[in-house]
Amino acid sequence: MLILVHSVVAQPDPALPEIPLPAERMQVAKRRWRGTADDGSEFGFELAAPLKHGDTFWQTAAARYVVRQRLE
């Protein structure tokens, strides 16, 4: 199931475990793109502004999903 994301989480809970979504620099710079987190969750992004490395874009009661830019 694809989860559609429109913005970052305003107040992420730092106590929750982090699930990274690795992405290339050029991908993170876009406002519309798709990605898969390390746990296999699929996300579609339709953002007003691009994400930045370390942004929490989705959060559940069990974990928070964070974009991690791959090293070049």
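Further up the page is the structure itself.
Attention here is on the structure that accompanies the text. Since this is a predicted model, take the numbers as computed values, not measurements.

1. Observations concerning the sheet that holds strand β4 (residues 42–46)
Okay, step 1: Strands sit in the order β1-β4-β3 across an open sheet of three strands; the sheet is mixed. Strands at the two margins of the open sheet, each flanked by one partner only, are β1 (2–5) and β3 (32–36). Pairwise comparison of adjacent strand axes, ignoring direction, gives a mean angle of 20° for this sheet.
Okay, step 2: By the bridge criterion, five bridges tie β3 to β4 in an arrangement that is antiparallel. Across the sheet, R34 pairs through a bridge with G44, a residue of β4.

2. Digging into the environment of Q27
Okay, step 1: Looking at the secondary structure, you find Q27 in helix α1 (residues 25–28).
Okay, step 2: Separated by 33 residues in sequence, Q27 and T60 place their C-alpha atoms 24 Å apart.
Okay, step 3: Look past the residues within four positions of Q27 in its chain and what remains in contact with it is W33 and R34.

3. Brief notes about the pattern of salt bridges
Okay, step 1: In this structure the tally under the stated criterion is six salt bridges.
Okay, step 2: For R70, the salt bridge identified is with E24, shortest N-O distance 3.2 Å. Residue R70 is found in the segment after β6 (64–69), and its partner E24 is found in the loop between β2 (18–23) and α1; the two are separated by 46 residues along the sequence.
Okay, step 3: E46 is paired through a salt bridge with R32; the nearest N and O atoms lie 3.3 Å apart.

4. Side note on the nonpolar core
Okay, step 1: Counting residues in hydrophobic clusters, the biggest one holds 16 residues, and the most contacted among them are L21, W33, F43, F45, L51, F57 and V67.
Okay, step 2: For this core, the elements supplying multiple residues, two or more each, are β1, β2, β4 and β6.
Okay, step 3: Top element by residues in this core is β2. It accounts for three residues.
Okay, step 4: For F45, the contacting residues outside a window of four places in its chain are L4, V5, L21, R31, R32, W33, G35, L51 and F57.

5. Observations regarding the sheet that holds strand β5 (residues 56–59)
Okay, step 1: The strand order across the open sheet formed by three strands is β2-β6-β5, and the pairing between neighbours is mixed. In the strand order of this sheet, the two ends are held by β2 and β5, each with one partner. Averaged over all neighbouring strand pairs, the angle between strand axes comes to 30°, with direction disregarded.
Okay, step 2: Direction of pairing for β5 relative to β6: antiparallel, over a ladder of three bridges. Residue pairing across strands places W58 opposite Y65, the latter belonging to β6.

Parameters and conventions
- Here, residues in each chain are numbered from 1, in the same order as that chain's written sequence.
- Two thresholds apply to this predicted model, a pLDDT of at least 70 for residue-level local features and 80 or more for giving and counting side-chain atom pairs, whereas whole-chain, interface and lining totals are computed over all residues.
- Hydrogens and water molecules were not included; the side-chain quantities draw on all heavy atoms of the structure.
- Any two strands between which DSSP finds at least two bridges are classified as paired.
- The way it works is that DSSP assigns letters per residue, a run of H or I at least four long becomes a helix, a run of E at least two long becomes a strand, and they are numbered from the N terminus.
- Axis lines are fitted to C-alpha atoms, over the contacting stretch for helices. Their N-to-C directions set the angle, which ranges from 0 to 180 degrees.
- In what follows, a contact means two residues having at least one pair of non-hydrogen atoms within 4.5 Å.
- The term salt bridge refers to a pairing of a side-chain nitrogen on Lys or Arg with a carboxyl oxygen on Asp or Glu at a separation within 4 Å.
- Nine residue types can take part in a nonpolar core, namely buried Ala, Val, Leu, Ile, Met, Phe, Trp, Tyr and Cys, and a core is a set of them joined through side-chain atoms within 4.5 Å.
- Classification of residues uses two cut-offs on accessible area relative to the type maximum, computed with a 1.4 Å probe and protein chains only: under 20% is buried, over 50% is exposed, and between them is partly exposed.

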